[in-house]
Amino acid sequence: MDIKKLKTLAGLSLDEAAARLDQELPKDAYKAVPGAVGLTDIDPNYMRKTLNEIFGLCGVGWGYKYDPVDMHVAVENRPRSSGNGTRTVHLASLKRLTFWYRLAGDGSDVVTCEIDASGGSDNDVEAYAMKGAITNALGNAVSNIGFQESVYLGKRSH
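For the structure given in this document, a descriptive report is provided here.

What counts, and at which threshold
- Residues numbered from 1 in each chain as written.
- Predicted model: local features only at pLDDT ≥ 70, side-chain atom pairs only at ≥ 80, totals over all residues.
- Heavy atoms only, no water.
- Salt bridge = Lys/Arg side-chain N within 4 Å of Asp/Glu carboxyl O.
- Helix = DSSP H or I, 4+ residues; strand = E, 2+ residues; numbered from the N terminus.
- Buried < 20%, exposed > 50% of the residue type's maximum accessible area, 1.4 Å probe, protein only.
- Contact = heavy atoms within 4.5 Å.
- Core = buried A, V, L, I, M, F, W, Y, C linked by side-chain atoms within 4.5 Å.

The subject of this paragraph is the pattern of salt bridges. For the coordinates displayed, the defined rule picks out seven salt bridges. Close ionic contact of Glu53 with Arg20 constitutes a salt bridge, the shortest N to O distance being 2.1 Å. Within this pair, whereas Glu53 is found in helix α2 (residues 44-55), its partner Arg20 is found in helix α1 (residues 14-21), the two being separated by 33 residues in sequence. Glu53 sits in the partly exposed class, given a relative accessible area of 34%. For Arg20, a relative accessible area of 22% corresponds to the partly exposed category. We note a salt bridge from Lys65 to Glu114, for which the minimum N-O separation is 3.2 Å. One end of the pair, Lys65, is in strand β4 (residues 62-65); the other, Glu114, is in strand β7 (residues 110-123), with 49 residues separating them in the sequence.

Pasting the structure below:
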């Protein structure tokens, strides 16, 4: 199989897909990471939108999977910032998520590529902590194929 002839299911060549993955997003997609000097956070909704445009709809051209036993949730009581009492925080960690995307060859050949990653998040609401861990792991995985590479290299920021 000639790698130069592979295309995403949306019809982009690998070079076109790489360029699109690093294309600058609208200004509202970037914001400063709270408490971290100089780090930029990328709105994950733009990540999913970009993946849909490049690879085809989630579940067809790209997606992710994980085993529920790899999701661990712990609970902590933390002091409130006001100093009045404590609040319950759910800490979710996902040991392994597999991001996959599909490429089409010359004929009917379809190649599925996979990237493993992990992620974590905390939130006052358990479900949001779990969703955040999935999103964090997905973001870690797609950074390996060049999603917003310029941000990670410090060439673009909030």
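Glancing now at the environment of Leu138. Take Leu138: it is sitting in helix α3 (residues 126-143). Separated by 23 residues in the primary sequence, Leu138 and Ile115 have C-alpha atoms spaced 9.4 Å apart. Contact partners of Leu138, with chain neighbours within four places excluded, come to Met47, Arg48, Trp62, Tyr64, Leu97 and Phe99.

This paragraph deals with the nonpolar core. Grouped together as the largest cluster of nonpolar side chains are 33 residues, with contacts concentrated most on Leu51, Phe99, Tyr101, Val142 and Ile145. Those elements that provide at least two residues to this core are α1, α2, β6 (86-104), β7 and α3. When residues in this core are grouped by element, the largest group, seven residues, is from α3. Ignoring anything within four residues of it in the chain, the contact list for Leu51 reads Leu21, Gly56, Trp62, Phe99 and Val142.

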